[in-house]
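The primary structure of each chain is shown beneath.
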Amino acid sequence: MADQKAPQMQSTLGLTGLTANAMAMIAPGAFLWLTFAIQAGTGVANQPSTAPAMWLGIFVSLLLCLATAVAYAEISKLYPGTGSSYYYAEQAMLSKDKAFKFARVSKFVVGWGSHLYYWVYTGVMVAVTGIFVGYIVGFLYPNFISGSNPGPVFTGLIAVIFSFFVAWIASKGASASTAVNIAVNVVQISALIVFSVLALGYRANHPSGSTGFNYDSQTLATYTYQFATNPKDGSVMRDASGTPLPQLDAAGKPVPFVITYPTTDSSGNFLTHPNAASVVGAHRLSWLFIQSTVAIFLLVGFESVTSLGGEAKNPTKHIPIAVISSLLIQGAFCYLFEYFCANYFLNSGYTMPTAAGSAAPIGDMMIIVGDALLGQGHGRYFMLAEAVTVFFALVGTTLSCMNTGARVTYAMGKDEEVPEHFGMLHSKNLSPHRSIWTLAVIAAVIGVICVSLEFGDASAPTDATIAALPHGIFSSFGYTTQAKMAALPNSLLSMTLTSNFGTFILYGLSCLLCIIAYNKRPDHNLVRHTLIPGFGLLANLTCMAFYLIGPAFSLGTSKEPLLALGISVAWGTYGAIYFLKSSKKKGKSVLLASKQAVS
């Protein structure tokens, strides 16, 4: 057993600190910038994108998360402690006269599933940070790397460095992490609201038929004229420096660019929302489900605060409040408002296919609205200022996830369900340092995998775009042809869906645990303890089922959800084998003979 006289966690976090940690992981300042591209490209190559249902997909995911948040809030009132659902699983089962025998199995299943979520999620976050840095570096030094299509070698290197940087902060303890997260929340929320208002204003001030900016994803700049295109392949014609050539009228003058809001192109590919109602519409039910399975990635994290029970001053009172309030502030307010504005902004000068082919569509939009606000050519300064806040948000959300994942591993280490050294705290910082640094290595590896084929499947760039990439190991290595890349799964989307599948497992089990924990208790409430968590359980199971249903009925993308499902099954199979072999080796009973069998 782990030494009970070893350093123990200290209760230092109040309501503000707990809420800040949960809000930092939800981080709309990071996810609006980074996952808009994933959602825009979610679909099957050469088939209609599911992106029109993006906003409603987030709303449905928010309902699922709110139901799960209620379950977490209610069960945290009964069992405050370190380990979140892993700890809850054991306590809920032990509280029952017949189900207690499954206590050890239940907590291992929940803990093992938690790792599929937290470990992969952290890896995805360091990956998107690498892509984010690639976009900024490409913007500043376009001859070195492409901002819209940064090279996997460069972005992978940044992912590795960032993973260990965040681990260094996390190893300093909960107080240091909380101070960072409070500052991050204030900055990122303010910055993204500013962008959203400007995006909304741009749409309002540019009705169909008015002149506006035409955005070029190669030069990452705006132009006031219509681009000249090659009559053979429709590609944009450029001068020697790469600047798009203007289309000329009969008098030899550039044709002004006129903004319109077409719904689709001649091939049926979605382009823009013609009105506000289209933004919030479902369009197709299958698209709604597909977008929901991706959008859950934006909203997870509210439960991270439950892992800090051992460091909370008043866990039974403050943790339930922090769980609900963090989700309402970031999800119900920030995300729904910001995603509406970003989708409503789309126009003929910047369409959804353009967003799907960019590493950072929100960064592109910031350049456009910045040019409209500050004058053409000056939008870059607005984008760069916003980018600084996005980086802070990335630090906050990755830090929060790493802290949560490490504490689940720490709790399992204390119980000897994973190697015992994971259940040790640093003697000075009182942080689970071994778990943190192990997670840093795992996240770095997953991050490299994520960026290896970020532009696969529906996000594959055109051959002309690939040919225009700066040549070099940091810029063009890893890009082949459009046909070959479209035939391969998108690695970033695949790993995102893998993390999300782990999320659905954890959230579904947590809802079930809430129902079990309150069953036949005198304080049982039908709505809070049965109906709401019951809805959460059903919703999570439905999203999990869609990983099979979608591909089986050709609804949206197929390679990525099946690959994510395969990874999840492999992880679960390995966990079962490890659990049985470890139990036999340590002489532990899989099923408890009595409640006293738990130490």
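Note that the structure is a prediction, hence the values are computed from the model and not measured.

### Comments concerning the overall build of the chain
Line of reasoning, step 1. Counting its secondary structure elements, the chain contains 19 helices and two strands.
Line of reasoning, step 2. Oriented by its inertia axes, the alpha-carbon framework of the chain measures out at about 90 × 45 × 40 Å.
Line of reasoning, step 3. Residues classed as buried in the chain amount to 58% of the 599 residues present.
Line of reasoning, step 4. When contacts within the chain are restricted to residue pairs at least 6 apart in sequence, those whose partners lie at least 24 apart make up 78%.
Line of reasoning, step 5. With an accessible surface of roughly 22,300 Å², the chain has 66% of that area assigned to carbon and sulfur atoms.
Line of reasoning, step 6. The average position of the 31 basic charges and that of the 24 acidic charges among the side chains of the chain differ by 13 Å.

### Quick word on the packing of aromatic side chains
Line of reasoning, step 1. The tally for this structure, following the rule as stated, stands at 36 aromatic pairs.
Line of reasoning, step 2. Note on Phe 162 and Phe 165: the rings are 6.4 Å apart at their centroids and 40° apart in plane angle, and the pair reads as tilted. Highlighted residues: Phe 162 and Phe 165, both in helix α6 (residues 152-170), separated by three residues, approximately one helical turn.
Line of reasoning, step 3. For Phe 165, a relative accessible area of 34% translates into the label partly exposed.
Line of reasoning, step 4. Ring geometry for Phe 333 and Phe 337: centres 6.5 Å apart, planes at 5°, overall stacked. One end of the pair is Phe 333 and the other is Phe 337, both in helix α10 (residues 315-345) and four residues apart, which spans about a single turn.
Line of reasoning, step 5. Phe 337 sits in the partly exposed class, given a relative accessible area of 27%.
Line of reasoning, step 6. Among the aromatic residues, ring-to-ring pairing joins Tyr 72, Tyr 117, Tyr 118, Tyr 121, Phe 297, Phe 302 and Tyr 507 into one connected group.
Line of reasoning, step 7. A cation over a ring is seen here: Arg 203 above Tyr 261, with NZ or CZ 3.7 Å from the ring centre.
Line of reasoning, step 8. Cation over ring: Arg 203 sits above Tyr 344, and NZ or CZ is 4.1 Å from the ring centre.

### Points about the nonpolar core
One recurring pattern in soluble globular proteins is that nonpolar side chains are buried together.
Line of reasoning, step 1. Of all hydrophobic cores here, the largest spans 159 residues; its most connected members are Trp 33, Phe 36 and Phe 195.
Line of reasoning, step 2. Among the elements that line this core, the one with the most residues is helix α5 (residues 103-140), at 22 residues.
Line of reasoning, step 3. Once residues lying within four places of it in the same chain are set aside, the contact partners of Trp 33 are Phe 132, Tyr 135, Ile 136, Ala 360, Pro 361, Ile 362, Gly 363, Met 366, Met 383, Ala 387 and Val 390.

### Regarding the pattern of salt bridges
Line of reasoning, step 1. All told, the structure shown has eight salt bridges when counted by the stated rule.
Line of reasoning, step 2. Between Lys 107 and Asp 415 there is a salt bridge; the shortest N-O distance is 3.1 Å. Here the residue Lys 107 occupies a position in helix α5, and Asp 415 occupies one in the loop between α13 (379-414) and α14 (433-452), the gap between them amounting to 308 residues.
Line of reasoning, step 3. With a relative accessible area of 6%, Lys 107 lands in the buried category.
Line of reasoning, step 4. Connected through shared salt-bridge partners, Glu 74, Lys 77 and Arg 528 make up one network.

### So, unusual backbone geometry
Line of reasoning, step 1. One non-glycine residue, Leu 220, adopts positive backbone phi at about 55°.
Line of reasoning, step 2. Mapped onto the elements, Leu 220 comes out in the loop between β1 (214-216) and β2 (221-223).
Line of reasoning, step 3. Despite not being glycine, His 283 has its phi angle at roughly 65°, a positive value.
Line of reasoning, step 4. For His 283, the location among the structural elements is in the loop between α8 (276-279) and α9 (285-299).
Line of reasoning, step 5. The exposure class of His 283 is partly exposed, given its relative accessible area of 42%.

### Description of a nonpolar patch on the surface
Line of reasoning, step 1. A cluster of nonpolar side chains, contributed by Phe 164, Phe 165, Trp 168, Trp 437, Val 441, Val 445 and Ile 449, occupies part of the molecular surface with about 620 Å² of accessible area.
Line of reasoning, step 2. Broken down by secondary-structure element, the contributors of at least two residues to the nonpolar patch are α6 and α14.
Line of reasoning, step 3. The element contributing the most residues to the nonpolar patch is α14, with four residues.
Line of reasoning, step 4. With respect to the element layout, Trp 437 can be found in helix α14.
Line of reasoning, step 5. Residue Trp 437 is classed as partly exposed on the basis of its relative accessible area, which comes to 33%.

### Some words on the environment of Glu 420
Line of reasoning, step 1. Summarising the element assignment, Glu 420 is placed in the loop between α13 and α14.
Line of reasoning, step 2. Given the relative accessible area of 34%, Glu 420 is considered partly exposed.

### Some words on the environment of Trp 168
Line of reasoning, step 1. For Trp 168, the position within the fold is in helix α6.
Line of reasoning, step 2. Among the residues examined, Trp 168 registers a relative accessible area of 45% and is labelled partly exposed.
Line of reasoning, step 3. Along the primary structure Trp 168 and Gly 242 are separated by 74 residues, whereas in three dimensions their C-alpha atoms are 42 Å apart.

### Observations concerning the packing of α9 against helix α17 (residues 491-518)
Line of reasoning, step 1. Across the interface, α9 lies against α17 with an axial gap of 9 Å and an inter-helix angle of 80°. What the angle tells us is that α9 and α17 run roughly perpendicular. The segment α9 lies against α17, with Thr 293, Val 294, Ile 296 and Phe 297 engaging Leu 493, Thr 496, Leu 497, Ser 499, Asn 500, Thr 503 and Phe 504.

### Thoughts on α9
The periodicity of an α-helix, 3.6 residues per turn, causes residues three or four positions apart to be oriented the same way.
Line of reasoning, step 1. Its 15 residues give α9 an end-to-end C-alpha distance of 21 Å, which sits within 8% of 21 Å, the value for a rise of 1.5 Å per residue.
Line of reasoning, step 2. Bending of α9 peaks at approximately 35° at the position of Thr 293.
Line of reasoning, step 3. Burial within α9 is extensive, with 13 of its 15 residues counted as buried.
Line of reasoning, step 4. A positive phi of about 130° marks Gly 301, the residue just after α9.

### Some points on the side chain of Ser 146
Line of reasoning, step 1. Looking at the secondary structure, you find Ser 146 in the loop between α5 and α6.
Line of reasoning, step 2. Side-chain polar atoms of Ser 146 contact the backbone nitrogen of Ser 148, separated by 3.5 Å.
Line of reasoning, step 3. Side-chain polar atoms of Ser 146 contact the backbone nitrogen of Asn 149, separated by 3.1 Å.
Line of reasoning, step 4. When near neighbours in sequence (up to four residues on either side) are disregarded, Ser 146 contacts Gly 134, Gly 138, Leu 469 and Pro 470.

### Description of the confidence of the model for the chain
Line of reasoning, step 1. On average, residues of the chain score 87 in pLDDT, and 91% of them reach the 70 mark or higher.
Line of reasoning, step 2. α8 holds the highest mean pLDDT among the elements of the chain, 97, whereas helix α1 (residues 15-26) holds the lowest, 73.

### Let's talk about the environment of Ile 436
Line of reasoning, step 1. Take Ile 436: it is sitting in helix α14.
Line of reasoning, step 2. Counting along the chain gives 14 residues from Ile 436 to Phe 422, while the straight-line C-alpha distance between them is 9.0 Å.
Line of reasoning, step 3. Dropping the residues within four chain positions of it, Ile 436 is found in contact with Ala 167, Ala 170, Ser 171, Met 402, Ala 406 and Ser 431.

### Considering the packing of α6 against α14
Line of reasoning, step 1. One way to put it is that α6 packs onto α14 with a least axis distance of 8 Å and a crossing angle of 160°. Judged by the inter-axis angle, α6 sits roughly antiparallel to α14. As α6 packs across α14, the resulting crossing turns out to be right-handed. On the side of α6, the interface is formed by Pro 152, Thr 155, Gly 156, Ala 159, Val 160, Ser 163, Phe 164, Ala 167, Trp 168 and Ala 170, while α14 contributes Ile 436, Trp 437, Ala 440, Val 441, Ala 443, Ala 444, Gly 447, Val 448, Val 451 and Ser 452.
Line of reasoning, step 2. For the contact of α6 with α14, the per-class residue count stands at 15 nonpolar, five polar and no charged.

Rules and cut-offs
- Residues numbered from 1 in each chain as written.
- Predicted model: local features only at pLDDT ≥ 70, side-chain atom pairs only at ≥ 80, totals over all residues.
- Heavy atoms only, no water.
- Helix = DSSP H or I, 4+ residues; strand = E, 2+ residues; numbered from the N terminus.
- Buried < 20%, exposed > 50% of the residue type's maximum accessible area, 1.4 Å probe, protein only.
- Contact = heavy atoms within 4.5 Å.
- Areas by Shrake-Rupley, 256 points an atom, 1.4 Å probe, with all protein chains shown as cover.
- Lys, Arg positive; Asp, Glu negative; His and termini not counted.
- Charge placed at Lys NZ, Arg CZ, Asp CG, Glu CD.
- Phe/Tyr/Trp six-rings, centres within 6.5 Å; stacked < 30°, edge-to-face > 60°.
- Lys NZ or Arg CZ within 6 Å of the ring centre and 35° of its normal.
- Core = buried A, V, L, I, M, F, W, Y, C linked by side-chain atoms within 4.5 Å.
- Salt bridge = Lys/Arg side-chain N within 4 Å of Asp/Glu carboxyl O.
- Patch = residues over 30% accessible without salt bridge, like charges linked within 9 Å, V, L, I, M, F, W, Y side chains within 5 Å.
- Axes fitted to C-alpha atoms, helices over the stretch in contact; angles between N-to-C directions.
- Parallel < 35°, antiparallel > 145°, perpendicular 65-115°, else oblique.
- Expected span 1.5 Å × (residues − 1).
- Bend = angle between axes of the 7 residues up to and from the residue.
- Polar contact = N/O pair within 3.5 Å; in protein donor to acceptor, adjacent residues only side chain to side chain.
- pLDDT = per-residue confidence, 0-100.
- Left-handed = near helix turned anticlockwise from the far one by under 90°.
- Nonpolar A, V, L, I, M, F, W, Y, C, P; charged D, E, K, R; others polar.

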